[in-house]
Amino acid sequence: MTNNLRVKSSKFIDETYKISFKFNNKTYYGYKGDTLASALLANNIHLVGRSFKYHRPRGIMTAGSEEPNAIVQLHKNTSRTEPNVRATEIEIYEGLEASSQNCWPSVNFDLGAINNFLSPVLPAGFYYKTFMWPASFWEKYEFFIRKSAGLGKSPTEPDPDIYEHKYIHCDVLIIGAGISGIIAAKTSAKNGFKTLLVDEKPLLGGSTIYQNSEHFKINNQISSSWLEKEINEIKKIDNLEIKTRTSVAAFHGYNFLLARENLTDHLPLHQRDGKVRHRLLKIRAKKVISATGSLERPLVFDNNDRPGILLSSAIEKYSNLFGVACGQKNIIFTNNDSAYETAISLFQKGINIEAIIDNRENVDSKLVKEIEKNNIKIYKGYTVVNTFGYKRINKISIMQLSKDGQKVVGSKISIDCDCLGMSGGWTPAVHLFTQSGGKLKFRDEDQVFIPDTYPSDQISIGSCNGEFTLDEILSSISKKLKDFLNIKKTEYENLEIQSHFNKTKRNIWLLPSDKIIGKTKPFVDYQNDATAKDIKLALREGFRSIEHVKRYTTTGMGTDQGKLGNMHALGIISETAGSKMGELGTTTFRPPYTPLTFGTIVGRNVGEYFDVFRKTPIHDWHVENKAKFENVGQWKRAWFYPKENEGMHEAVQRESKAARDSAGILDASTLGKIDIQGTDASEFLNRVYTNAWSKLAIGKCRYGLMLNEDGMVYDDGVTTRLDENHYIMTTTTGGAANVLGKLEDYLQTEWPELDVYLTSVTDHYATISVCGPNSKKIISKVIPNLDLSDDKFPHMSFKDTKIDKVKCRVMRISFTGEQSFEINVQANYGKSVWDKCMQAGKEFNITPYGTETMHLLRAEKGFIIVGQDTDATMTPIDLQMDWMVSKKKYDFIGKRSLYRSDTIREDRKQLIGLVTENPKEVLEEGAQIVADANKSPVEMLGHVTSSYYSPNLEKSIALGVVKGGKNMMGQKLIIPMENKQINVTVTDPVFLDKENKRLNA
Amino acid sequence: MFLIHCPYCGEREQSEFKAGGEAHIVRPKQPTELSDDQWAEYLFMRKNIKGVQFERWVHTHGCRKWFNMVRDTSNDEIKAIYKMGEKPPTKYK
Ligand SMILES: [Zn+2]
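Residues numbered from 1 in each chain as written. Chains lettered and ligands numbered in written order. Predicted model: local features only at pLDDT ≥ 70, side-chain atom pairs only at ≥ 80, totals over all residues. Heavy atoms only, no water.

**Re the overall build of chain B**
Using the following cut-off: Elements are defined by DSSP. Helices are runs of H or I of four residues or more, strands are runs of E of two residues or more, and each kind is numbered from the N terminus. Between buried and exposed lies partly exposed: a residue is buried under 20% and exposed over 50% of the maximum accessible area for its type, with that area taken using a 1.4 Å probe on protein chains only. The Shrake-Rupley method, run with a 1.4 Å probe sphere, supplies the accessible areas, and residue values consider only the shown protein chains as cover. Only four residue types enter the tally: Lys and Arg on the positive side, Asp and Glu on the negative side; His and the chain ends are excluded. The atom standing in for a charge is NZ when the residue is Lys, CZ when it is Arg, CG when it is Asp and CD when it is Glu.
Across its full length, chain B holds 1 helix and 6 strands. N-terminal to C-terminal, the α/β element order of chain B is β-β-β-α-β-β-β. The dimensions of chain B, computed from C-alpha atoms along their principal axes, are 45 × 30 × 25 Å. Counting all 93 residues of chain B, 35% fall into the buried class. Of the roughly 5600 Å² of accessible surface on chain B, a fraction of 49% belongs to carbon and sulfur atoms. Computing the positive centroid from 16 side-chain charges and the negative centroid from 13, chain B places the two 5 Å apart.

Have a look at this one:
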């Protein structure tokens, strides 16, 4: 047998440009213009993979993005490797290396094929049913499943390619550049609309462009010649942008679409460096015209999956477009006229056709007559009942259909072949239309779903709208475009069309067999190995909803999303269950229409651009001084500053001790700051905080607790009264944006009568906090003319002053329990003020500390961190902060919720301190707290929220929440760990300096 | 993705906005006068309609203004947009 199946040269293939490529490590040749699939077929290779469950040999079945079988891995074990590439879509280039995916150890000898012989015990739902029990066996199942069921391997190295995103705004977007799309694009652009035309293929013209039959003419020219002239014309129109190799992945509401433009996948690897590989187009179109075409349906019969069985339209495309014969002994099996186009086209090229099997009994269209004229045998009213040949089809057997099509009658006839083309009619490609929210209707006469109601300004034209023949399309397109684009006339009003196509079809979803269904394998979903038998089993087991049947049988859940088999699944369900197709509904088609790489989705947002992050004005100093950073919201905060060989623990212990023994310095610039002004500013604070604000003197600071309306603590921070009607509020670092949003919400929607203005000023200031017994001495060196005496500048007050000529605001507030001064200065002076403090503090061993030490120091004082010690289920009373809740104020956000029956329960989880029996033992944050670890089930009383080893107290301390904890002081509890139990005692949450003496030390 | 006509800025992408739940739920003027049930009604109960719904939205990444929207939740059609404090259009009630 010859290994070159090229027939008469095709003008779409450049036979002077030879390309070598590897498939499963063997070198082959193809030509420029080939896809991997066409080049393999030209080398007489059909077998390309194994099926998912039974590991049956599978061949190339289609010539497009609906391909279920021919999915390959490209460039195995390299950084550019890619799984799940459809051989029918990838254009070959010099050096292409592809390998079969779902086979082990090789496509020709596959161990998993034993599943095929076990298939009676591998019915639908097998995986669900079997691998459920015993759970401990999962590891073993998983190894087996992963090893033998390959959906390819993802790359393990970083992706060397560049991806980008682009926004496009246009008046009219046309999806699909077949004959309908080309006509629509030209009409739209010529009428002045900014028009974008996209098509997933490299060539414009859809299936008409390789149509070479005398039976289809427009204005007396063969349809492909007519279309070619149209295409040449549209390429010259200025306001029409054409993008090929561009597939629309998603069609969202309001005509927002995502498309992937493929720029380099057809180039040899060495030509790709530095170029953008894929571009994700974010398209907002005023109007959308879908001209997405239709997909040919397979037929469902016993063993309809052997290599060498293709869609009839694919055989035609391989011969007309690529100049490749898929077989030398071809049989066509059909239920409609379109397969005769394939037959005629093959015949004209001298490719042998053994027979045509037609489900229909009475057929006599011009196409049929031409076949008969050429002495090709047509078996009318017959069906294929079985096929033979393991790695390639070699024979079929056929039988006559009964009148009602439910049975086969008569005797079996066998015919040899090496290729079988099947056509079950056409399914409109309505996937994108339904994604956009469009509703379908069912057309009974040819059993298709077509667009019914449009949710946005869009239409569907051509075969995706159920117009399958040239005359149907062309006779209606002009009026449709006029109505949709609101224009008076088009160039396409009086076309002379010749189309010899008979529309009759004999639709039988599951073709009958001489065997009982249990003994057959009529595949519906090829990739997932779901058969008609599985669907019937699911119905017998009680599944009714199409969505449930789909999941149970895995029909339509492969990478092809059931583009071929979904209609048959629906058909078989409706026939078996006796329901009507139109009433059954369809499964949801979800984006993307064809798979997208992660690179495309992420675009340029990789590495340090993955997410935005915020740096304080002192960030560079932290970097130079080897700080480790932690992410707090979008901020990079200095976490701790390890010296020499220090780990985190050693660094934090040293920093914490230094801060209490002498002096520490913290970059607190990330704290949220909101400037509040207006004549009702005090009243506003009264309403948003739990405590009272009207009497706060100008120049003073106060700690505030903010609740949600449900009474739970939301945020906290210190607010300072700068003037009669002017405050500055600080919030937690992570909560700043949300707090501002919440306050704006109340101001705008609940209390519009209040005269209050809010401005975020977080970024305007650098905040440097110096704390410790020597802090006063350091600040007096930095700002010599500021009176720091306790009576002139007491705790919880502020002073406006200057450092050299730079204005700054110094606040005497403390989150560590030490005497502290917080200098707020315009952000761009932050670094120099920090340097000054470091310089002045040198003699006192001033020690920079990070967030971890800050957390430890505040825990020693029992200060909470909202979000660590609270979790949106803690009221101020739960936190033992009753003193923060004003009894006098009539109302504030959350007040009413504080005495709902649930919030006044005594046994709510309440904040307490915990000390361990062994002072060296540090608890794990998140650990459970119980009273009796032996009781079954163990009653969980609460959990540890913060835990540290305190170098200042020389013991382990922790905060936690415990049911009824307030009344458990001194009680012994247990922290059960994986292999031990830790004994703890409940204490007051304040561990250090209960009298607050250190604040004024 | 919606195109939303902010009453202060004009038409913008949905990604600039945030939804804020059901509209026209007025915070009680005298919460302390309410029973637990009445307060719970205000605090927790929302209609969550399939169909025409009155909603609050805010132009977060824009003017930061809150406004109201009438939206059909079954097909995401925005039927009306009006400022805070304005009367809701009666024909959708
Ligand atoms: Zn706005």
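**A look at the coordination of the zinc ion**
Residues and elements named next belong to chain B. The following threshold applies: Listed donors are limited to N, O and S atoms within 2.8 Å of the metal, widened to 3.2 Å for Na, K and Ca; water is not among them, so incomplete-looking sites are possible. The rule is simple: four donors are tetrahedral if all their angles sit between 85 and 135 degrees, four are square planar and six octahedral if opposite donors span more than 155 degrees and the others lie between 65 and 115, and anything that fits none of that is irregular.
Each protein donor to the zinc ion is listed here as Cys6 (SG), Cys9 (SG), His59 (ND1) and Cys63 (SG); together their distances run 2.0 to 2.3 Å. Geometry at the zinc ion is tetrahedral, judged from the 4 donor atoms that bind it and their angles of 106 to 116 degrees at the metal. Mapped onto the sequence, the donors of the zinc ion take the spacing C-x2-C-x49-H-x3-C. Of this pair, Cys6 sits in strand S1 (residues 3–6) while Cys63 is found in the loop between strand S4 (52–58) and strand S5 (66–72), placing the two residues 57 residues apart along the sequence. For Cys6, a relative accessible area of 1% corresponds to the buried category. What makes Cys63 partly exposed here is its relative accessible area of 28%.

**Observations concerning the pairing of strand S50 (residues 981–987) of chain A**
All names here are of chain A. The test is simple: Two strands are counted as paired when DSSP detects at least two bridges linking them.
Across the 7 residues of S50, 5 count as buried, placing the element largely inside the fold. One ladder, built from 4 bridges, connects strand S45 (residues 909–916) with S50; its direction is antiparallel. If you follow Thr916 over to S50, its bridge partner there is Val984. Note: strand S49 (residues 972–976) against S50, 5 bridges, orientation antiparallel. Note on S50: the bridge partner recorded for Ile974 is Asn983. The turn linking S49 back onto S50 is made up of 4 residues.

**Focus: helix H14 (residues 566–577) of chain A**
All names here are of chain A. Worth spelling out the cut-off: Take the number of residues in a helix, subtract one, and multiply by 1.5 Å to get its expected span.
Across its 12 residues, H14 extends 16 Å between first and last C-alpha, which sits within 8% of the 16 Å expected from 1.5 Å per residue. Within H14, 9 of the 12 residues are buried, which leaves the element mostly enclosed by the surrounding structure. Following H14 by one or two positions, Gly578 adopts a phi angle in the positive range, close to 70 degrees.

**Digging into the interface of chain A and chain B**
Short version of the rule: By the convention used here, residues are in contact when the closest approach between their heavy atoms is within 4.5 Å. Buried area adds together the accessible area that both of two parts lose upon being put together, with accessible area traced by a 1.4 Å probe. For salt bridges, the criterion is a side-chain nitrogen of Lys or Arg within 4 Å of an Asp or Glu carboxyl oxygen.
Taken together, the contact between chain A and chain B spans 29 residues of the former and 28 residues of the latter. Between chain A and chain B lies a buried interface of about 2400 Å² when both sides are counted; carbon and sulfur atoms form 45% of it. For the chain A face of the interface with chain B, the top three residues by lost area are Tyr254(A), Tyr890(A) and Arg896(A), together amounting to 29%. Taken together, the links from chain A to chain B amount to 6 salt bridges. With its nearest N and O atoms 2.8 Å apart, the salt bridge here joins Arg56(B) to Asp745(A).

**Looking at the sheet that holds strand S17 (residues 309–311) of chain A**
Residue and element names in this part refer to chain A. Rules: Helix axes are fitted to C-alpha atoms over the stretch in contact, other axes to C-alpha atoms as well, and angles between N-to-C directions run from 0 to 180 degrees.
Pairing is parallel in the open sheet, where 5 strands are placed in the order S17-S24-S18-S19-S20. The two strands at the open ends of the sheet, each matched to only one other strand, are S17 and strand S20 (378–380). Shown here is a sheet whose adjacent strand axes are inclined to one another by a mean of 20 degrees, direction ignored. Running at roughly 130 degrees to S20, helix H9 (residues 366–373) makes contact with strand S19 (353–358) and S20 of the sheet.

**Here's the deal with the packing of helix H5 (residues 179–190) of chain A against helix H6 (residues 223–234) of chain A**
All names here are of chain A. This is how the line gets drawn: For a crossing to be left-handed, the near helix must be turned anticlockwise from the far one by less than a right angle; the clockwise case is right-handed. Polar here means any residue other than Ala, Val, Leu, Ile, Met, Phe, Trp, Tyr, Cys and Pro, which are nonpolar, and Asp, Glu, Lys and Arg, which are charged; Gly is therefore polar.
In the contact formed by H5 and H6, the axes pass within 10 Å of each other and the chain directions differ by 35 degrees. Crossing hand, H5 versus H6: left-handed. In contact with Ile179, Ile182, Ile183, Lys186 and Lys190 of H5, H6 contributes Trp226, Leu227, Glu230, Ile231, Glu233 and Ile234. Looking at the contact of H5 with H6 residue by residue, the classes come out as 7 nonpolar, no polar and 4 charged.

**Comments concerning unusual backbone geometry**
Residue and element names in this part refer to chain A. Residues Pro591 and Pro592 are joined by a peptide bond in cis, for which omega reads -5 degrees. The topology assignment puts Pro592 in the loop between helix H15 (581–584) and helix H16 (598–602). A cis geometry characterises the amide bond from Ser936 onward to Pro937, with omega recorded as -5 degrees. Following the sequence through the fold, Pro937 ends up in the loop between strand S46 (928–930) and strand S47 (940–950).

**Overview of the domain arrangement of chain A**
Residues and elements named next belong to chain A. This is how the line gets drawn: For the domain bounds, the source is a domain assignment made automatically or taken from a database.
Examined at the domain level, chain A breaks down into domain 1 (1–155), domain 2 (162–294 + 428–499), domain 3 (295–424 + 505–584), domain 4 (619–666 + 771–856), domain 5 (672–763) and domain 6 (862–1000). In this complex, domain 1 contributes 12 residues to the contact, which on the side of domain 2 involves 15 residues. Of the roughly 1100 Å² buried between domain 1 and domain 2, counting both surfaces, carbon and sulfur atoms make up 51%. Of all residues in domain 1, the largest losses of buried area upon contact with domain 2 belong to Phe12, Arg80 and Glu91, amounting jointly to 48% of the total for that side. On inspection of domain 1 and its partner domain 2, the count reaches 4 salt bridges. A salt bridge links Arg80 to Asp273; the shortest N-O distance between them is 3.3 Å. Residues of the side of domain 1 that touches domain 2, tallied by class, amount to 4 nonpolar, 2 polar and 6 charged.

**A closer look at the environment of Gly926(A)**
Residues and elements named next belong to chain A. Here Gly926 is to be found in the loop between S45 and S46. Note on Gly926: relative accessible area 44%, which makes it partly exposed. Sequence-distant contacts of Gly926, defined by excluding residues within four places in its chain, comprise His943 and Val944.

**As for the pattern of salt bridges**
Evaluated as defined, the whole model comprises 71 salt bridges over all chains. Measuring nitrogen to oxygen at the nearest pair gives 3.2 Å for the salt bridge that ties Glu261(A) to Arg279(A). Of this pair, Glu261(A) sits in strand S14 (residues 256–262) while Arg279(A) is found in strand S15 (residues 276–290), placing the two residues 18 residues apart along the sequence. We classify Glu261(A) as buried; its relative accessible area is 8%. Here Glu13(B) ties to Arg284(A) by a salt bridge, and the two come within 2.9 Å at their closest N and O atoms. With Glu13(B) in strand S2 (residues 10–13) and Arg284(A) in strand S15, this residue pair bridges two chains. No difference in accessibility class separates Glu13(B) from Arg284(A), as the two residues are buried.

**Let's talk about helix H1 (residues 36–44) of chain B**
Residue and element names in this part refer to chain B. Note the cut-off: Along the arc lie the directions from the helix axis toward the C-beta atoms.
Among the residues of H1, those classed as buried are Trp39, Ala40, Tyr42 and Leu43. Buried residues of H1 fall within an arc of 165 degrees about the axis and therefore sit on the same side. Structural note: H1 exposes Asp37 and Glu41 on the side pointing more than 90 degrees away from its buried face.

**Description of the state of the cysteines**
Residues and elements named next belong to chain A. Spelled out, the test is: Sulfur atoms of two cysteines make up a disulfide when they are within 2.5 Å.
With the rule as written, the count across this model stands at 0 disulfides over all chains. The thiol of Cys771 is not disulfide-bonded; the next cysteine sulfur, from Cys837, is found 12 Å away. Residue classification places Cys771 among the buried positions, given a relative accessible area of 0%. Looking at Cys808, it has no disulfide partner, and the nearest cysteine sulfur is the one in Cys837, 9.4 Å off. A relative accessible area of 4% means that Cys808 is categorised as buried.

**What to know about the confidence of the model for chain B**
Heads up, the condition is: A residue's pLDDT is the confidence the predictor assigns to it, expressed on a 0 to 100 scale.
Here chain B averages 95 in pLDDT, and 100% of its residues register 70 or above. For this predicted complex, the interface confidence score (ipTM) comes to 0.98, while the overall pTM stands at 0.89.

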